[in-house]
Amino acid sequence: MYYLLKTEPSEYSFADLRRDEVTVWDGVANPVALRHLREMKPGAKLVIYETGEQRSAVGTASVVSADATDPKNPGVTIKAGKALSKPVTLAQIKAIKLFADSPLVRQGRLSVVPLTEEQYAALTKP
């Protein structure tokens, strides 16, 4: 399972995640995004995407544990991975045909986006 997590760098950046190493991903209110969080399982691979001025995929992470017993606030603990060798901007993502039907480009405000294995590979390739 692969997902993209959006974060506002002024609130919590990928650099913050790297510093903390592990964190609980919370603050999600959108019902569709919450559903995706509840679906997460340990070992799921993640792409961290920073919004705001950057608007680009900047790093990777993985799910350490997931507890969906509270459907309105699922407890998903993630562990920092590596920074991408080069951030992938939203404009670059939109230009990749693999993302034509992705909620990432079709539902811009969705903060937790499922990815296919191919989409994950396209974003994380060196």
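Above this text is the structure in question.
Below: a short report on this structure. Note that the structure is a prediction, hence the values are computed from the model and not measured.

## Comments concerning the side chain of T60
Within the fold, T60 resides in strand β4 (residues 56-67). On the accessibility criterion, T60 (13% relative accessible area) is buried. When residues no more than four places from it in sequence are discounted, the contact partners of T60 are F14, L46, I48, A80, G81, K82, L84, Y120 and T124.

## As for the pairing of strand β2 (residues 22-25)
Taken residue by residue, a regular strand's side chains alternate between the two faces of the sheet. Burial along β2 is one-sided: T23 and W25 are buried, while V22 and V24, pointing the other way, are not. By the bridge criterion, four bridges tie β2 to strand β5 (residues 75-89) in an arrangement that is antiparallel. The partner of V22 across the bridge, within β5, is K79.

## Focus: the packing of aromatic side chains
Summed over all chains, the structure comprises two aromatic pairs. On the numbers, 5.0 Å between centres and 40° between planes, the contact of Y2 with Y120 is tilted. Taken together, the positions of Y2 in strand β1 (residues 2-7) and Y120 in helix α5 (residues 117-124) put the pair 118 residues apart, joining distant regions of the chain. For the pair Y2 and Y120, a shared accessibility class is recorded, and that class is buried. Aromatic pair Y12 and W25: ring centres 6.5 Å apart, planes at 80°, arrangement edge-to-face. Here Y12, found in the loop between β1 and α1 (14-20), pairs with W25, found in strand β2; they are 13 residues apart in sequence, far enough to count as distant. Neither residue differs from the other here; Y12 and W25 are each classed as buried.

## Some thoughts on the environment of L46
Tracing the backbone shows L46 in strand β3 (residues 45-50). The spacing of L46 and T60 is 14 residues in sequence and 5.5 Å in space, taken between C-alpha atoms. Residues in contact with L46, not counting those within four places in the same chain, are Y3, L5, M40, G59, T60, A61, S62, V63, I78 and Y120.

## Structural notes on α5
Among the residues making up α5, those that are buried are Q119, Y120, A122 and L123. With its buried residues spanning 160° around the axis, α5 presents them on a single face. At its buried positions, α5 is contacted by β1, β3, β4, β5, α3 (90-95) and β6 (112-115).

Rules used in this analysis
Residues numbered from 1 in each chain as written. Predicted model: local features only at pLDDT ≥ 70, side-chain atom pairs only at ≥ 80, totals over all residues. Heavy atoms only, no water. Helix = DSSP H or I, 4+ residues; strand = E, 2+ residues; numbered from the N terminus. Buried < 20%, exposed > 50% of the residue type's maximum accessible area, 1.4 Å probe, protein only. Contact = heavy atoms within 4.5 Å. Pairing = 2+ DSSP bridges. Phe/Tyr/Trp six-rings, centres within 6.5 Å; stacked < 30°, edge-to-face > 60°. Arc of directions from axis to C-beta.

No statement about biological role is implied by the geometric values presented.
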